Amino acid sequence: QVRVVESGGGLVQAGETLTLSCTASPFNMRLAAMAWYRQAPGEESEPVPVAIIYIGDSTYYADTVKGRFTISRDNAKNILYLKMNSLKPEETAVYYCNTNPRQHKWGPGAQVTVSS
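What counts, and where the lines are drawn
- Residues numbered from 1 in each chain as written.
- Predicted model: local features only at pLDDT ≥ 70, side-chain atom pairs only at ≥ 80, totals over all residues.
- Heavy atoms only, no water.
- Pairing = 2+ DSSP bridges.
- Helix = DSSP H or I, 4+ residues; strand = E, 2+ residues; numbered from the N terminus.
- Axes fitted to C-alpha atoms, helices over the stretch in contact; angles between N-to-C directions.
- Salt bridge = Lys/Arg side-chain N within 4 Å of Asp/Glu carboxyl O.
- Buried < 20%, exposed > 50% of the residue type's maximum accessible area, 1.4 Å probe, protein only.

A. Just the sheet that holds strand E3 (residues 18–25), in detail. Strands sit in the order E1-E3-E8-E7 across an open sheet of four strands; the sheet is antiparallel. Because the sheet does not close on itself, it has two edges, and the strands there are strand E1 (3–7) and strand E7 (69–74). Strand-to-strand twist of the sheet, defined as the mean angle between neighbouring strand axes without regard to direction, takes the value 15 degrees. One ladder, built from six bridges, connects E3 with strand E8 (residues 79–84); its direction is antiparallel. Residue pairing in the sheet places Thr19 in a bridge with Lys83 of E8.

The structure is reproduced here in structure tokens:
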């Protein structure tokens, strides 16, 4: 069973930058489309993808984060990243990584809290 673990969350002020990291083991993330998902407080629906990196490294961003978030991966280290610039209070959420579409059990997520 693949174990996904996100890290790097925290409390930041609006406008600041935060970078999340994700590991998945045993799983080679470069062999799949990987995504960062988020779930806002109180949301009962499944987390939604905000950034996707495909095999070949093309990317997709939700309109709400385009130009501010960057998804990347270090294939040698098998780590997925999400750099989030100019964070907004409404982006307070738990952020998860997984394949896209999701194939593995959700990890614990990374709590990101953006204060105004």
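B. Up close: the pattern of salt bridges. A full pass over the atoms with the stated rule returns five salt bridges. For the salt bridge of Asp57 with Arg73, the shortest nitrogen-to-oxygen distance reads 3.4 Å. Here Asp57 is found in the loop between strand E5 (48–53) and strand E6 (59–61), whereas its partner Arg73 is found in strand E7, with 16 residues between them in sequence. Here Arg73 falls in the buried class, since its relative accessible area comes to 14%. Close ionic contact of Asp63 with Lys66 constitutes a salt bridge, the shortest N to O distance being 3.1 Å. Each member of the pair Asp63 and Lys66 is classed as exposed. Each of Arg38, Arg68 and Glu91 takes part in one network of salt bridges that share partners.

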